[in-house]
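Spelled out from the first residue to the last, the chains are:
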Amino acid sequence: MPEWPTTPLSSLLTQHVPSAVAPAPDDIVQFAGVRWYGDGLFVREERRGAAIKGKIYALKPGTLIYNRLFAWKQSFAVVGDEFEGVVVSNEFPQFDVDPSQATPEFLALYCSSPSFAEEALNLSTGAAAVSRNRLKEPDFLTLPAPVPPLAVQAGIVEVVTVIDAVIKALEAEIDAAAAVRVALLGELLRRRDETWEERPVGDLGTIIRGKRFVKSDYVPEGIGCIHYSQIHTDFGAHTAEVRTRLPEEMRSKLRFAAPGNLVIAGTSENVEGVLKAVAWLGDDSVAVHDDAYIFDHSLEPRFAAHLFVSPAFREQVERVYSDTKVVRVSRDNLARLVVPVPPRAKQAEISDAMDAMDQQITTTAAELDSARLARAALRDALLDRRIEVILPAPSTDESDE
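So, how was this worked out
- Every chain's residues receive numbers from 1 upward, in the order its sequence appears when written.
- It should be noted that, the model being predicted, local features are given only for residues of pLDDT at least 70 and side-chain atom pairs only at 80 or more, the latter also being counted only at that level, while totals for whole chains, interfaces and linings use all residues.
- Calculated side-chain values reflect all of the structure's heavy atoms, with hydrogen atoms and water omitted.
- Each helix corresponds to a stretch of at least 4 residues labelled H or I by DSSP, and each strand to a stretch of at least 2 residues labelled E; elements are numbered beginning at the N terminus.
- Only protein chains enter the accessibility calculation, which uses a 1.4 Å probe; a residue whose area is less than 20% of its type maximum is buried, one above 50% is exposed, and one in between is partly exposed.
- For this analysis, residues touch if any pair of their heavy atoms sits within 4.5 Å.
- Computed by Shrake-Rupley with a 1.4 Å probe, the accessible areas treat only the displayed protein chains as cover when residues are assessed.
- Note that His is not counted, nor are the chain ends; the positive residues are Lys and Arg, and the negative ones are Asp and Glu.
- To locate a charge, the coordinates of NZ of Lys, CZ of Arg, CG of Asp or CD of Glu are taken.
- To define axes, lines are fitted to C-alpha atoms, for helices over the stretch in contact only, and angles between the resulting N-to-C directions are given on a 0 to 180 degree scale.
- The scheme is simple: roughly parallel for angles under 35 degrees, roughly antiparallel for over 145, roughly perpendicular for 65 to 115, oblique for anything else.
- Asp, Glu, Lys and Arg are counted as charged, while Ala, Val, Leu, Ile, Met, Phe, Trp, Tyr, Cys and Pro are counted as nonpolar; the rest, among them Gly, fall into the polar class.
- The rule for a salt bridge is simple: a side-chain nitrogen of Lys or Arg has to be within 4 Å of a carboxyl oxygen of Asp or Glu.
- Throughout, the arc means the angular range of directions from the helix axis out to the C-beta atoms.
- Whether two strands pair comes down to DSSP finding at least two bridges between them.
- Residues grouped as a nonpolar core are buried Ala, Val, Leu, Ile, Met, Phe, Trp, Tyr and Cys residues, joined through side-chain atoms within 4.5 Å.

Draft legend 1. The overall build of the protein chain, seen in detail. The secondary structure content of the protein chain amounts to 9 helices and 25 strands. Counting only C-alpha atoms and orienting by the principal axes, one finds that the protein chain spans roughly 85 × 50 × 50 Å. Per-residue burial for the protein chain yields a buried fraction of 46% across its 401 residues. When contacts within the protein chain are restricted to residue pairs at least 6 apart in sequence, those whose partners lie at least 24 apart make up 77%. Accessible surface computed for the protein chain: about 20,300 Å², of which carbon and sulfur atoms make up 53%. Across the protein chain, 42 positive and 59 negative side-chain charges occur, with their mean positions spaced 10 Å apart.

Written out as structure tokens, the structure reads:
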């Protein structure tokens, strides 16, 4: 089979340079991000115009976009029509594709492949930490890309799109289940009788901040720890296991959550994440990062964690957070937030219902992970031609002449 020709991306792409957007103070502005590993574009947060400090730029549907900080993590996508009016920072350059040579969808697939990621990392520059390396636009455009016939490009994209449809369906199922979970929790907490109380969080226990440690402190064996960022990414409402550990010689400098305590994110990149809580159910105490709070309380631990994502609680958070570079809630403001407190048996009953919903979401999420792995394997096999796209033979029907 003939080799596909290759050409520098500069021959296929022209950078789209949009004008900066100037939102009004009361405008609600949606910011997009590009997921790693070719998983597409998404709306990552909303901000009021008054809270936006730097320059922002509107997305142009049909362009190829990437995250300069995470090109090496295969962070490429095509801007769909549904993202018209959504904005990004200057870390997300956009490119028009020459339609006579390539399609944005094919180039997004190629640029999100592991082989391209390796080349992107080699050209990325910046701070010593790899996660701060940027692939600048001039360097990106020097990289080569294969240019199969347009019909082959379309065939490859069509095959991958079949799995994309499965992935979208699973994502929609998870989103629907999460919405049902929120509604169910809100309803269960509204069904009250005279045995329930309304109590400030500070009256239900003590709140202290963790102690500082950094990710470079991690070791394979040692003291179990929870970094504040892991509350957002690694844990659900409760956990009995840690993902990371610290050296034993740091013990005297740390603060610990005891079994049954809540570990609460005191800061986040967005309002939705701040004060997310995980109940620590391990056998031993766990070290806690200083951007998280330790809540030693008298509630059923799982119920306490569920309270922190309940609709009524999140409405209160909207009124007390501070928004500078990151979103924070002070310990005093946390202590003043009010929560419903039913009898202990009712707390366990509500927790069991929420755990059942969480298990359903976890099961679907595992299916989604499997589908994404299958997509990546298929993409790579199509791009390195271990799987060939067979085009229909030209018609020889005389009626076509």
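There is more to say after this.
Draft legend 2. Local environment of the packing of helix α1 (residues 104-111) against helix α9 (residues 344-383). Taken N-terminus to C-terminus, the directions of α1 and α9 make an angle of 105°; their axes are 10 Å apart at the nearest point. Here α1 is positioned roughly perpendicular relative to α9, judged by the angle of their axes. Where α1 abuts α9, its residues F106, L109 and Y110 lie against R375, R379 and L383. In the contact of α1 with α9, the residues fall into 4 nonpolar, no polar and 2 charged.

Draft legend 3. Expanded view of the pattern of salt bridges. Going through the model one piece at a time under the given rule, you end up with 25 salt bridges. With a shortest N-O distance of 3.0 Å, R47 and E45 are connected by a salt bridge. The class for E45 is buried, based on a relative accessible area of 11%. Between D384 and R386 there is a salt bridge, and its shortest N-O distance comes to 2.9 Å. The class of D384 is partly exposed, set by a relative accessible area of 43%.

Draft legend 4. Focus on helix α2 (residues 114-123). Burial in α2 covers these residues: F116, A117 and A120. Each buried residue of α2 sits inside an arc of 100° when the element is viewed along its axis, so together they form one side. In this structure, α2 carries E118 and N122 as exposed residues pointing more than 90 degrees from its buried face. Buried positions along α2 lie against β8 (76-78), α1, α3 (137-142) and β11 (144-146).

Draft legend 5. Structural view of the sheet that holds strand β21 (residues 286-288). Across the sheet, 4 strands lie side by side as β16-β14-β21-β17; this open sheet has mixed pairing. Of all the strands in the sheet, the pair left with one neighbour each is β16 (244-246) and β17 (256-257). Two strands pair when backbone bridges link them, and strand β14 (residues 223-226) and β21 are joined in this way by 2 bridges, in the parallel orientation. Bridge pairing in β21 places C225 opposite A287.

Draft legend 6. Spatial organisation of the side chain of H306. Looking at the element boundaries, H306 is found in helix α6 (residues 301-307). Among the residues examined, H306 registers a relative accessible area of 0% and is labelled buried. Once residues lying within four places of it in the same chain are set aside, the contact partners of H306 are R181, L185, A237, S351, M354, D355 and D358.

Draft legend 7. Spotlight on the sheet that holds strand β19 (residues 267-268). Overall, antiparallel pairing links the 3 strands, which are arranged β19-β24-β23 in an open sheet. The sheet terminates laterally at β19 and β23 (322-323), the two strands that pair on one side only. Bridge count for β23 against strand β24 (residues 327-328) is 2 bridges, and the pairing is antiparallel. What sits directly across from D323, in β24, is V327.

Draft legend 8. Layout of the environment of L368. Tracing the sequence through the fold places L368 in helix α9. Taking C-alpha positions, L368 is 33 Å from K325, a pair spaced 43 residues apart along the chain. Apart from the residues within four sequence positions on either side, L368 is in contact with I167, L170, E171 and I174.

Draft legend 9. Here's a closer look at the nonpolar core. If you look at the biggest cluster of nonpolar residues, it comprises 41 residues, and the most contacted ones within it are L9, L13, L64, L107, F116, F140 and I156. Those elements giving two or more residues to this core turn out to be β7 (64-66), β10 (94-97), α1, α2, α3, α4 (150-190) and α9. Of the residues forming this core, the biggest block, 9 residues, is contributed by α4. Residues contacting L64, with those up to four places away along its chain left out, are L13, A77, P93, Q94, F95, V97, P104, L107, A108 and F140. If you look at the next biggest cluster of nonpolar residues, it comprises 33 residues, including L188, W196, I207 and A305.

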